[in-house]
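# Report on the structure
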Amino acid sequence: MSSALAVPLDRATFAARTGKPSAPAPVRIVHLGLGAFHRAHQAWFTDRVDVAHEWGIAAFTGRSPKAAEEIAQQDGLYSVLERAATSEQVSVVTSIVEAWDGARLDRLVPLLAASTTAIVTLTITEAGYRLTSDGAPDRDDHVMVEDMDRLRSALTGPGLVAPDFAGTAAGTQAPVSTLGRLVLGLEARRRADGGAISIVPCDNMPGNGEHVRAGILAIAQHARPETARWIEANVSFVSTSVDRITPATTSQDVALVAELSGWIDNAPVVCEPFADWVLSGDFPAGRPSWEDAGAKFVRDIDPFERRKLWLLNGAHSLLAYAGPLRGHATVAQAVVDPVCRAQVEALWDEAVRHLPAEGLDLQAYRRALLERFENGRIEHRLAQIAKEGVTKMRVRVAAVAVRERAAGQDAAACAWAIGAWVASLLAAQDAAGTGEPATLPDDAAVAAVRAALAGENPVTRLVALLDAGLAADEAFVARVSDAASSMG
Ligand SMILES: NC(=O)c1ccc[n+]([C@@H]2O[C@H](COP(=O)([O-])OP(=O)(O)OC[C@H]3O[C@@H](n4cnc5c(N)ncnc54)[C@H](O)[C@@H]3O)[C@@H](O)[C@H]2O)c1
Ligand SMILES: O=P(O)(O)OC[C@@H](O)[C@@H](O)[C@H](O)[C@H](O)CO
């Protein structure tokens, strides 16, 4: 269809054209972090299975209100453009029924308190949790530190929650971090006797359910021990491994969606056809039958998580740093570079030594990953993946290196990947010239990265940001240093 004939996407027009219900489903899921991935994954899974129209999602942005404003103008509707190597298709997702700025605590808190709300999902990026690697609130993060104190005075003060919550939200006591807001909402649920609920983090972190549980309990314990006890007894934390390559949407994608579908949609998402969701944990207040769209519910999620983080995400991070140094801008370009590809394969050889041989079909998984990476219609920018390198490299590559070294191996491919990260930071610093601060990729740990780059033995100090044991391992650091020099 010509995009000139396209019409704005909204619920009434969509219902009239398709015969689908025009009334939104009731809110039973709250989502925090209304970015591209939520729309391509959890909202898409829910949309596919919710034939009875029972599971509406109220989605909140994490930082900027922009995505919420765009989607709210379309009554929550948006298009998913699935791009395979040789074909593409567009579908409209209707499961998001409300879209809000995350700062709208006057809507968030009552929803979290309502007994009709059964599930909270999150995609706020790894850094957005503001936790240390062991799940403790990050005391070096001033937002987290200030929120913990705000919550302590808010939770012990009178008149915090509904019906007069809007006034408090505008006041100084309102938390600004996502976990702070969540603890506030859980306290409101406790006071409202809203019952049990599941929290389902969907970010790329190992043991994400347990990790977030530890953080939320520590924040609540600091604010009000009674809140922490209620959370322990009533909140189920579900761990997940999530997978669907979803790059940031471009203006060309917006135009293409109008051309292919006839909808003027200012908030489409683009992703690959592949989608995977593995979950482990309880849903005491119910859940959509996500398994009908291919989700898997397992007892032990650990092998699935490690396979995905070490193979898919590990390779992504390797390419994100090595690729630009070799002139590439996207995953599809970098993965066909013979040097990068050989290093990806070598990294995978190291990682699979620490994965169970049974049940994961590792050879087929690796072959499929290469095909997915080579899909040139998915323009996955390496610069997007390179952000938050410290958090990502810790769990995607350093975790494998630690196991390799403990097993007496040289961990050469892990060292090469970490060397690429180091080389990219050193190159950014050099590019800045004398006296100018380097323009480094976004990273919550950027101050520590800058300090490491400015001091003596920058390679050792950078490796120390990933793992102290690796930094003390002279042979390993020498390999990282050699790899970085060969790329610099
Ligand atoms: N995009 C993918 O291919 C993909 C695949 C699997 C998992 N994920 C997970 O989803 C996360 C989000 O990816 P996306 O593609 O939706 O990104 P995005 O940039 O489109 O959206 C990120 C969302 O997180 C929020 N956010 C960012 N930093 C935050 C902070 N410090 N505090 C609170 N909220 C914050 C933003 O406001 C936004 O709502 C990733 O970091 C990853 O953990 C993404
Ligand atoms: O989303 P991030 O920033 O955690 O990581 C970038 C990519 O590695 C990631 O988004 C993958 O594309 C995704 O995990 C595939 O399922």
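Residues numbered from 1 in each chain as written. Chains lettered and ligands numbered in written order. Predicted model: local features only at pLDDT ≥ 70, side-chain atom pairs only at ≥ 80, totals over all residues.

### Side note on the overall build of the protein
What the protein contains, in helices and strands, is 22 helices and 14 strands. Relative to the 2.2 N^0.38 estimate, which gives 23 Å for 488 residues, the radius of gyration of the protein is 23 Å and therefore close to what a compact globule would have. With the C-alpha coordinates aligned to their principal axes, the bounding extent of the protein is approximately 60 × 60 × 50 Å. Summarising the internal contacts of the protein: among those between residues at least 6 apart in sequence, 78% fall at separations of at least 24. (Helix = DSSP H or I, 4+ residues; strand = E, 2+ residues; numbered from the N terminus. Rg over C-alpha atoms; globule rule 2.2 N^0.38 Å. Contact = placed C-beta atoms within 7 Å.)

### Some thoughts on the pairing of strand β5 (residues 88-93)
As paired strands, strand β4 (residues 78-83) and β5 are joined by six bridges and run antiparallel to one another. Within β5, the residue paired with Ser79 across the bridge is Val92. Two successive antiparallel strands, β4 and β5, enclose a turn made up of four residues. (Pairing = 2+ DSSP bridges.)

### Here's the deal with the confidence of the model for the protein
Looking at the protein, the pLDDT average stands at 93 and 94% of residues meet or exceed 70. Every residue in residues 161-170 is under pLDDT 50, and counting partners more than four places away or in other chains gives 20 contacts. Predicted complex, confidence summary: ipTM 0.99, pTM 0.95. (pLDDT = per-residue confidence, 0-100.)

### Comments concerning the site of ligand 1
In the region of ligand 1, 22 residues are neighbours, and Gly35, Phe37, Gly62, Gly128 and Asp203 sit closest. Of the residues forming the shell around ligand 1, the biggest block, three residues, is contributed by helix α2 (residues 36-40). Each residue belonging to the shell around ligand 1 can be placed in one class, and the counts come to seven nonpolar, 11 polar and four charged. (Near = placed C-beta within 6 Å. Nonpolar A, V, L, I, M, F, W, Y, C, P; charged D, E, K, R; others polar.)

### Focus on the site of ligand 2
Around ligand 2, the surrounding shell consists of Glu126, Asn204, Asp243, Arg244, Ile245, Leu312, Asn313, His316 and Ile385. If you tally residues by element for the shell around ligand 2, the top one is helix α12 (residues 302-325), at three residues. Classifying every residue of the shell around ligand 2 by side-chain character gives three nonpolar, three polar and three charged. Taken domain by domain, the shell around ligand 2 gets at least three of its residues from each of domain 1 (3-297) and domain 2 (302-487). (Domains from an automatic or database assignment.)

### Points about the packing of helix α6 (residues 142-156) against helix α8 (residues 178-192)
Interhelical geometry of α6 versus α8 gives an angle of 15° and a closest axis separation of 10 Å. One finds that α6 runs roughly parallel with respect to α8. Note on packing geometry: the crossing formed by α6 with α8 is right-handed. Across from Asp147, Leu151, Ala154 and Leu155 in α6, the residues of α8 making contact are Gly180, Val183, Leu184 and Glu187. The residue inventory of the contact of α6 with α8, partitioned by class, reads five nonpolar, one polar and two charged. (Axes fitted to C-alpha atoms, helices over the stretch in contact; angles between N-to-C directions. Parallel < 35°, antiparallel > 145°, perpendicular 65-115°, else oblique. Left-handed = near helix turned anticlockwise from the far one by under 90°.)

### Let's talk about the sheet that holds strand β7 (residues 119-122)
In spatial order, the strands read β6-β3-β2-β7-β8-β9; together these six strands make up an open sheet with parallel pairing. Each end of this open sheet is capped by a strand with a single partner; those strands are β6 (96-100) and β9 (235-237). The sheet shows a mean angle of 20° between the axes of neighbouring strands, direction not considered. Direction of pairing for strand β8 (residues 197-201) relative to β9: parallel, over a ladder of three bridges. Within β9, the position partnered with Ile199 by the bridge is Phe237.

### What about the domain arrangement of the protein?
Along its sequence, the protein is carved into domain 1 (3-297) and domain 2 (302-487). When each unit is reduced to the centre of its C-alpha atoms, the spacing between domain 1 and domain 2 is 29 Å. With 18 residues of domain 1 in contact, the opposing surface of domain 2 contributes 20 residues. Looking at the side of domain 1 that touches domain 2 residue by residue, the class counts come to nine nonpolar, four polar and five charged.

### Topic: the sheet that holds β4
A sheet is described by the order of its strands in space; here three strands give the open sequence β5-β4-β12, paired in mixed fashion. The open sheet has two edge strands, β5 and β12 (269-271), and neither has a second partner. Each strand of the sheet is rotated relative to its neighbour by a mean of 25°, with strand direction disregarded. Sheet topology places β4 next to β12; three bridges connect them, and they run parallel. Its bridge partner lying in β12, Glu82 is registered against Cys271. Against the sheet, helix α11 (residues 251-261) contacts β4, β5 and β12, and its axis sits at roughly 95° relative to β4.

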